[in-house]
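# Summary of the model geometry
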Amino acid sequence: MKKYNTEQEKFWAGRFGDEYSQRNQGKNIIASNTALFTKILSKTNSISSIIEMGANIGLNLIAIKTLLPGASITALEINPKAVKELKKIPCIKVYNESMLEYIPDRKWDLVLSKGVLIHQNPDKLEKLYQLMYDASKSYICIAEYYNPSPVEIPYRGHKNKLFKRDFAGEMMDAFPDLKLIDYGFVYHRDNNFPQDDITWFLLKKLHF
Ligand SMILES: C[S@@+](CC[C@H](N)C(=O)[O-])C[C@H]1O[C@@H](n2cnc3c(N)ncnc32)[C@H](O)[C@@H]1O
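Now for a quick tour of the structure. Counting of residues starts from 1 at the beginning of each chain's written sequence and follows it residue by residue. The predicted nature of this model means local features are confined to residues of pLDDT at least 70 and side-chain atom pairs, given and counted, to a pLDDT of 80 or more, with totals for whole chains, interfaces and linings taken over all residues.

### Regarding the overall build of the protein chain
To keep things clear, this is the line we draw: Only DSSP runs of H or I with at least four residues qualify as helices, and only runs of E with at least two residues qualify as strands; both kinds are numbered from the N terminus onward. It is over C-alpha atoms that the radius of gyration is taken, and the globule rule equals 2.2 Å times the number of residues to the power 0.38. Remark: C-beta atoms are placed from the backbone, and a residue is labelled buried if 20 or more other C-beta atoms sit within 10 Å of its own, exposed if 12 or fewer do, or partly exposed between those counts.
Along the protein chain, the regular secondary structure elements total seven helices and nine strands. Taken over the C-alpha trace, the protein chain has a radius of gyration of 16 Å; the compact-globule value for 208 residues is 17 Å, and the two agree within 12%. With the C-alpha coordinates aligned to their principal axes, the bounding extent of the protein chain is approximately 40 × 40 × 35 Å. Looking at the 208 residues of the protein chain, the share that counts as buried comes to 36%.

### Re the site of the ligand
Rules: Here, nearness means that the C-beta atom of a residue, built from backbone geometry, sits within 6 Å of the molecule or strand in question. Gly counts as polar in this scheme, as do all residues outside two lists: the nonpolar Ala, Val, Leu, Ile, Met, Phe, Trp, Tyr, Cys and Pro, and the charged Asp, Glu, Lys and Arg.
Around the ligand, the structure places 20 residues, and the nearest of them are W12, G54, N56, I78 and G115. Where the shell around the ligand is concerned, the elements lending two or more residues are helix 1 (7–13) and helix 4 (59–67). Residue composition of the shell around the ligand, by class: nine nonpolar, eight polar and three charged.

### Notes on the nonpolar core
Where we set the bar: A set of buried Ala, Val, Leu, Ile, Met, Phe, Trp, Tyr and Cys residues, joined through C-beta atoms within 7 Å, is what we mean by a nonpolar core. Note that contacts rest on C-beta atoms placed from the backbone: two residues are in contact if these are within 7 Å.
The biggest cluster of nonpolar side chains holds 48 residues, and the ones touching the most others in it are I140, C141 and I142. The contact partners of C141, leaving out residues within four places of it in the chain, are I40, L110, L112, W200 and L202.

### Details of the pairing of strand 9 (residues 198–205)
For clarity, the cut-off: When DSSP finds two or more bridges between two strands, those strands count as paired.
Where strand 5 (residues 136–144) lies against strand 9, six bridges are found, and the strand directions are antiparallel. Residue C141 lies in a different strand from strand 9, and its bridge partner there is L202. For strand 8 (residues 178–186) and strand 9, the ladder comprises eight bridges, and the chain directions are antiparallel. Paired with K179 across the bridge in strand 9 is K204.

### What to know about the environment of A31
As for its position among the elements, A31 is in helix 3 (residues 27–41). A31 gets classed as partly exposed once you count the C-beta atoms within 10 Å, which come to 14. Once the C-alpha coordinates of A31 and Q8 are considered, the two residues, 23 residues apart in sequence, prove to be 29 Å apart.

### Details of the sheet that holds strand 4 (residues 108–114)
The line we're drawing: To get an axis, a line is fitted to the C-alpha atoms, and for a helix only the part in contact is used. The angle between two axes follows their N-to-C directions and goes from 0 to 180 degrees.
Spatially, seven strands are ordered 3-2-1-4-5-9-8 in an open sheet, and the strand pairing comes out mixed. This sheet does not close on itself; its edge strands, each paired only once, are strand 3 (92–95) and strand 8. Here the strands of the sheet are splayed against their neighbours by 15° on average, with no regard to which way each runs. Inspection of the sheet shows strand 2 (residues 72–76) paired to strand 3 by four bridges, in the parallel sense. Looking at the pairing, T74 lines up with K93 of strand 3. Across the face of the sheet, helix 7 (residues 167–174) comes into contact with strand 5, strand 8 and strand 9 while running at roughly 150° to strand 5.

In short, the description is geometric, and any link to function would need to be established separately.
Set out below in structure tokens:
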């Protein structure tokens, strides 16, 4: 396996990441993602390009592709087995790289992270916020686990692999031209379209 700098990258590139992709599949997840992105995208204008950081096997991107069929879609993913699945989705560009090493050579209308910042080494967040800001032409969507102050919680028996905090608030502090467009919560016991208790924030760059 390729060498990574953080224990969190090794964790996701290896067996835990392979098993995650096996566990998290299916039409119900795509249905829930379609409901979520219908809401989020309805608050946006003129999105024709999207990148998802940590796209796994593409269950968000499949949903987004049905909502924005003309958009060009890019996926960044560290786990090689997940990348194999991503490459089966027609017309998406896939990079098998870590967000911590990726140097984009273009910008996208929407930069998305969903359930990914929560798994990064907290010391690297500043770099990741900069990456997401620089890669965005207009919108940034952060759908993660919210907590007003940073906390680490055990993740399936593993330490140092899951962190909750106010990712969107920290980004708005770091980049004052980001405007909050909307936000929301999706409960794991939602009657129709559950998510894993995520809180999403849609931010827009006022200067670009
Ligand atoms: C919890 S999953 C979420 C997947 C997807 N975003 C979703 O909402 O279903 C986290 C994903 O991020 C990927 N990932 C974790 N760290 C990464 C990194 N540093 N760079 C790129 N991908 C990463 C993992 O391999 C995994 O596919």
